[in-house]
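# Geometric and topological summary
Listed here are the chains, written in short residue letters.
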There are 2 protein chains.
Amino acid sequence: MSEKPDIEKNESTEEKIKEAARIVFTRKGYAATRTRDIAEESGYNLALINYYFRSKEKLYDIIMLEHLQTFLHSIMDILNDADTTLYQKIEVLVGHYIDMLIKNPALPLFIINAVNADPDKLITGIGADKIHQEDLVIIKQWKEVAAAKKLAIHPVHILMNMVSLTIFPFMGSPLIRNRTKLSIEEFNALMLERKKLIPIWIKAILNAEV
Amino acid sequence: MSEKPDIEKNESTEEKIKEAARIVFTRKGYAATRTRDIAEESGYNLALINYYFRSKEKLYDIIMLEHLQTFLHSIMDILNDADTTLYQKIEVLVGHYIDMLIKNPALPLFIINAVNADPDKLITGIGADKIHQEDLVIIKQWKEVAAAKKLAIHPVHILMNMVSLTIFPFMGSPLIRNRTKLSIEEFNALMLERKKLIPIWIKAILNAEV
DNA sequence: AATATTTTTAATCATTTGATTAAATAAGTT
DNA sequence: AACTTATTTAATCAAATGATTAAAAATATT
């Protein structure tokens, strides 16, 4: 009936198990990971995983929410920065995400699979449902730009374009790298180029005749 | 030691099992599907699945290759059509894929997960390793356009952009639809808009000052 | 040092799960 | 009809898997 033990005391082992879980869950997904895989990866006994985290699912939920936080980290600050223009925000966002994805290239697939498996858990888990989109600075700025340009296309197109151009190449990377015979370093160099290119492309898209 | 029984005679049951497998594998992925799920979905006994397909993995391989063929169906003809310009090819490709993805929105995630789990199986499975990219009409046309425009960016960027803009919105659809409160019909209408928009955007990207 | 508490392990359980077997039913052939 | 082959099922197996337990080892407290 006891709750999980003090976290502070033994950050090392608990953190090692979480690190192992992060590696295995991220690589193989929830269903394909065996609790034993995590035990082996961590170097600890199988029972330790349950001693610290009660169950595979609870451990997974923790990893999932941490990944989600990595994914969403600091973007609210960017979206709500009153001191940058819309275009600057795009530059910062794209740059931020490409840097992050080079460090964590498996994140998008993990998160999309998590959404797919249980949309509500993930969406309410992070409190994304509490955000009032109307209040965000970037939305207001977008409306100004859209009005000035008399844009006839749905704003969600632009958002999808930004996200697609930034994230998808990382999801497709195994296939892309196989077909193009690019090394990881060469691939990452291309992704870094995209930090400058995507904002330019978005601008071009916004100005394109429709 | 016997091979699988005659297919012709009982297309109905075998095809029903495959159809059930398609549904369950596509929705839940390989690891999360139980052979019993497929049995239940098909309405037949568990042993039938093994009677017809020997094992869960063999059945999965069949479904995977069929999905891959759906995904790649007829694109070689498009890529090699000497009677269309590069820009026309882009229009045809994007249109083709968006139509296909509206019918099979779960395909991209399934295929990307399959590549992730075992890249070689899938890539050699379809014979993609035998294609000589240099020989494709679209590649020659691309080189002409790139030379004329004196493009300094790596051609794979353009390819990634096309694929990203077309496919990613379908993978992100559960999240996009949740956040935007769009119905499936509204979402699909947006995707149909993209059949015209993406080629225009690609053109704008090609002409963008870098 | 003696005692209590926390951490770790080995052994084991109970289910789940992929697969098989043997028998029953249906269909085809003579 | 008698016989053979193909299809389908119920029952069962063996291995895998998530989880628990009881005890050992390590650490902290008195």
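Residues numbered from 1 in each chain as written. Chains lettered and ligands numbered in written order. Predicted model: local features only at pLDDT ≥ 70, side-chain atom pairs only at ≥ 80, totals over all residues.

### Digging into helix H2 (residues 35–42) of chain B
Residues and elements named next belong to chain B.
- For H2, the full list of buried residues reads Ile38, Ala39 and Ser42. Mapping the buried residues of H2 onto a view down its axis gives an arc of 100°, with all of them on the same face.
- Directly after H2, the chain includes Gly43, whose backbone phi takes a positive value near 85°. (Buried ≥ 20, exposed ≤ 12 C-beta atoms within 10 Å, placed from the backbone. Helix = DSSP H or I, 4+ residues; strand = E, 2+ residues; numbered from the N terminus. Arc of directions from axis to C-beta.)

### A look at helix H6 (residues 86–103) of chain A
Residue and element names in this part refer to chain A.
- For H6, spanning 18 residues, the distance from its first C-alpha to its last is 26 Å, which sits close to the expected 26 Å at 1.5 Å a residue.
- Within the sequence span of H6, burial applies to Lys89, Ile90, Val94, Tyr97, Ile98 and Leu101. Angularly, the buried residues of H6 cover 155° about the axis, an arc narrow enough to put them on a single face. (Expected span 1.5 Å × (residues − 1).)

### Some details on the interface of chain B and chain A
- Tallying the contact residues gives 36 residues for chain B and 36 residues for chain A.
- Going through the elements one at a time, helix H1 (11–32), helix H7 (107–117), helix H8 (119–125), helix H10 (155–171), helix H11 (173–180) and helix H12 (184–207) of chain B are the ones with two or more residues in the side of chain B that touches chain A.
- Broken down by element, the side of chain B that touches chain A gets its largest block of residues, 11 residues, from H10(B).
- Grouping the amino acids of the side of chain B that touches chain A by side-chain chemistry returns 27 nonpolar, 9 polar and no charged. (Contact = placed C-beta atoms within 7 Å. Nonpolar A, V, L, I, M, F, W, Y, C, P; charged D, E, K, R; others polar.)

### Remarks on the domain arrangement of chain A
Residue and element names in this part refer to chain A.
- Here chain A is partitioned into domain 1 (11–66) and domain 2 (73–207).
- Placing a centre on the C-alpha atoms of domain 1 and another on those of domain 2 gives a separation of 29 Å.
- Of the residues lining the interface, 6 residues belong to domain 1; the matching set on domain 2 comes to 8 residues.
- Elements represented by at least two residues in the side of domain 1 that touches domain 2 include exactly helix H1 (11–32) and helix H4 (56–72).
- Looking at the side of domain 1 that touches domain 2, the element that brings in the most residues is H1, giving 4 residues.
- Its residues placed into classes, the side of domain 1 that touches domain 2 shows 3 nonpolar, 2 polar and 1 charged. (Domains from an automatic or database assignment.)

### Comments concerning the relation of the copies chain B and chain A
- Once chain B is rotated about the relating axis by 180° and shifted along it by 0.0 Å, it coincides with chain A to within an RMSD of 0.0 Å. In the structure described here, the two chain copies are related by an operation that fits a two-fold rotation axis.
- An overlap of 100% is found between the interface residues of chain B and their copies at the interface of chain A, pointing to a shared contact surface. (Least-squares fit on C-alpha atoms with pLDDT ≥ 70 in both.)

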